Amino acid sequence: MTRYKLILEYDGTDLIGWQANAQGPSVQSLLSDAIFQFCGERADIVAAGRTDAGVHALAMALHFDLEKDVEPDTVMAALNFYLNGGPVSVLFAERADENFHARFDCKKRRYKYIILNRRAPAVLDKNRVWWVPRLLDADAMRTAATKLVGNHDFTSFRAAECQSKSPVKTLDDVQIKTAGDEIILEFSAKSFLHHQVRNMVGTLVEIGLRKPYDIDEIFAKKNRAAAGPTAPPSGLYFVSAEY
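The structure presented is a predicted model; accordingly, all values stated were derived computationally and were not measured.

Participant: In this structure, what is going on with the layout of surface pockets? I would like to understand it.
Facilitator: Empty pockets left among the atoms are what a rolling probe the size of a water molecule brings to light. Roughly 1,200 Å³ of internal volume is contained in the largest pocket. Contributing to the lining of the largest pocket are 39 residues, with Gly 49, Arg 50, Arg 103, Phe 192 and His 194 lying nearest its centre. For the lining of the largest pocket, the secondary structure elements donating two or more residues are strand E2 (46–47), strand E5 (108–116) and helix H4 (196–208). The dominant element in the lining of the largest pocket, judged by the number of residues it contributes, is H4, at three residues. Per-class residue counts for the lining of the largest pocket are 16 nonpolar, 13 polar and ten charged.

Participant: So what exactly am I meant to see when it comes to the packing of helix H1 (residues 27–39) against helix H2 (residues 72–83) here?
Facilitator: Any two packed helices are characterised by how steeply their axes cross, that is the angle between the axes, and by the distance between the axes. Where H1 contacts H2, the two axes come as close as 9 Å, and the packing angle between them is 115°. Considering their axes alone, H1 and H2 lie roughly perpendicular with respect to each other. The two elements H1 and H2 cross, and the hand of that crossing is right-handed. Contact residues: H1 offers Leu 30, Leu 31, Ala 34, Ile 35, Gln 37 and Phe 38, while H2 offers Thr 74, Val 75, Ala 78, Leu 79, Tyr 82 and Leu 83. Across the contact of H1 with H2, the residue classes break down as ten nonpolar, two polar and no charged.

Participant: Got a minute to help me understand H2 in this structure?
Facilitator: Count 3.6 residues to each turn of an α-helix, and residues three or four apart come out pointing the same way. Taking 1.5 Å per residue as the helical rise, H2 with its twelve residues ought to reach 16 Å, and the 16 Å between its terminal C-alpha atoms agrees with that figure. When we look at burial in H2, the residues that qualify are Pro 72, Val 75, Ala 78, Leu 79 and Leu 83. Down the axis of H2, the buried set is contained in an arc of 135°. They therefore lie on one face. Of the exposed residues in H2, the ones pointing more than 90 degrees away from its buried face are Asp 73 and Phe 81. With its phi angle positive at about 55°, Asn 84 sits one or two positions after the end of H2.

Participant: Is there a simple way to explain the packing of aromatic side chains in this structure?
Facilitator: Two measures describe an aromatic ring pair: the distance that separates the ring centres and the angle between the ring planes. Enumeration over the complete set of coordinates arrives at nine aromatic pairs. Where Tyr 111 meets Phe 238, the ring centres are 5.2 Å apart and the plane angle is 85°; that geometry is what we call edge-to-face. Pair noted here: Tyr 111 is in strand E5 and Phe 238 is in strand E10 (residues 236–242), with a separation of 127 residues, a long-range link. Between Tyr 113 and Trp 130 the ring centres are 6.2 Å apart and the planes differ by 85°, which places this aromatic pair in the edge-to-face class. Here the residue Tyr 113 occupies a position in strand E5, and Trp 130 occupies one in strand E6 (residues 130–131), the gap between them amounting to 17 residues. Each member of the pair, Tyr 113 together with Trp 130, is buried. Taken together through their ring pairs, the aromatic side chains of Tyr 111, Phe 192 and Phe 238 make up a single cluster. Lying across the ring of Phe 36, Arg 42 places its NZ or CZ 4.4 Å from the centre.

Participant: Would you explain helix H3 (residues 138–145) in this entry?
Facilitator: What H3 keeps buried is the set Ala 138, Met 141, Ala 144 and Ala 145. For H3, the angular spread of the buried residues around the axis is 125°, confining them to a single face. For H3, the exposed residues set more than 90 degrees away from the buried face come down to Asp 139 and Thr 143. Against E5, strand E8 (168–179), strand E9 (182–189), H4 and helix H5 (215–221) lie the buried residues of H3.

Participant: Explanation requested: the pairing of E5 in the structure shown.
Facilitator: Sheet analysis places E5 next to E10, joined by six bridges and oriented antiparallel. Opposite Arg 109, over in E10, you have Ala 241 as the bridge partner. Inspection of the sheet shows E5 paired to E9 by eight bridges, in the antiparallel sense. Following the sheet pairing, Tyr 113 is matched in E9 by Leu 185. Bridge analysis of E5 against E6 gives two bridges, and the strand direction is parallel. Bridge pairing in E6 links Ile 115 to Trp 130.

Participant: Teacher, can you tell me more about the side chain of Glu 41 here?
Facilitator: Looking at the secondary structure, you find Glu 41 in the loop between H1 and E2. Lys 68 provides the closest opposite charge to the buried, salt-bridge-free Glu 41, at an N-O distance of 5.4 Å. A polar atom in the side chain of Glu 41 sits 3.5 Å from the backbone nitrogen of Lys 68. Not counting chain neighbours up to four residues away, the residues in contact with Glu 41 comprise Ile 35, Phe 36, Asp 65, Leu 66, Glu 67 and Lys 68.

Reading the values: rules and limits
- Residues numbered from 1 in each chain as written.
- Predicted model: local features only at pLDDT ≥ 70, side-chain atom pairs only at ≥ 80, totals over all residues.
- Heavy atoms only, no water.
- 1 Å grid on protein atoms, 1.4 Å probe; cavity = no way out; pocket = protein on both sides within 12 Å on 5 of 7 lines; lining within 4 Å.
- Points joined across faces, edges and corners; volume = space filled by probe spheres on them.
- Helix = DSSP H or I, 4+ residues; strand = E, 2+ residues; numbered from the N terminus.
- Nonpolar A, V, L, I, M, F, W, Y, C, P; charged D, E, K, R; others polar.
- Axes fitted to C-alpha atoms, helices over the stretch in contact; angles between N-to-C directions.
- Parallel < 35°, antiparallel > 145°, perpendicular 65-115°, else oblique.
- Left-handed = near helix turned anticlockwise from the far one by under 90°.
- Contact = heavy atoms within 4.5 Å.
- Expected span 1.5 Å × (residues − 1).
- Buried < 20%, exposed > 50% of the residue type's maximum accessible area, 1.4 Å probe, protein only.
- Arc of directions from axis to C-beta.
- Phe/Tyr/Trp six-rings, centres within 6.5 Å; stacked < 30°, edge-to-face > 60°.
- Lys NZ or Arg CZ within 6 Å of the ring centre and 35° of its normal.
- Pairing = 2+ DSSP bridges.
- Lys, Arg positive; Asp, Glu negative; His and termini not counted.
- Salt bridge = Lys/Arg side-chain N within 4 Å of Asp/Glu carboxyl O.
- Polar contact = N/O pair within 3.5 Å; in protein donor to acceptor, adjacent residues only side chain to side chain.

Structure representation (structure tokens):
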């Protein structure tokens, strides 16, 4: 048995997310089918994170085991061949220690969210940004974002269907940058609650629109209704996993 670590890039626009189920194509199901076509094995694929429908990844880490010992470059080339130019691409493959676990060994996960802040709608970046036509106050968003950093009860930023045992998480860093018409928000933490990033982004956008949201009050209320709306999945990217 040989364990492999892979890094994937994918466009989540037409996918139901990471997790395989009967509702449609997922990252996991497409990769699983490619592995089966390559070597006839059904592998148990474990990723660093489980992205939702419409969410993208620049470098998603994962692991799986094969009965056969195959050169990593061969694995990468074969899987990309069977993925056949679809929304998933293998960027890197290597043999991993038999105890390596892509999810449990991950020390930090990074996400970014891209907002297109201009009057004209997105065309070239459609399904890859959140188009917000009203002018946002990026400085107000930055000031509010600093209050999100640290160890908090993120109940107000947690999806109702979140399965995490505790709403308490430590957000290591938030950066908000501007580049032309884009506002780019970057988040890093060991782990996140379901929809936490999108709910934080939705709240920060409300603040950028000068609506009366206060981060301290939102934390104190411990109620999802106290925070802003959930940002759409199109602007969210899983950036990297650190081990």
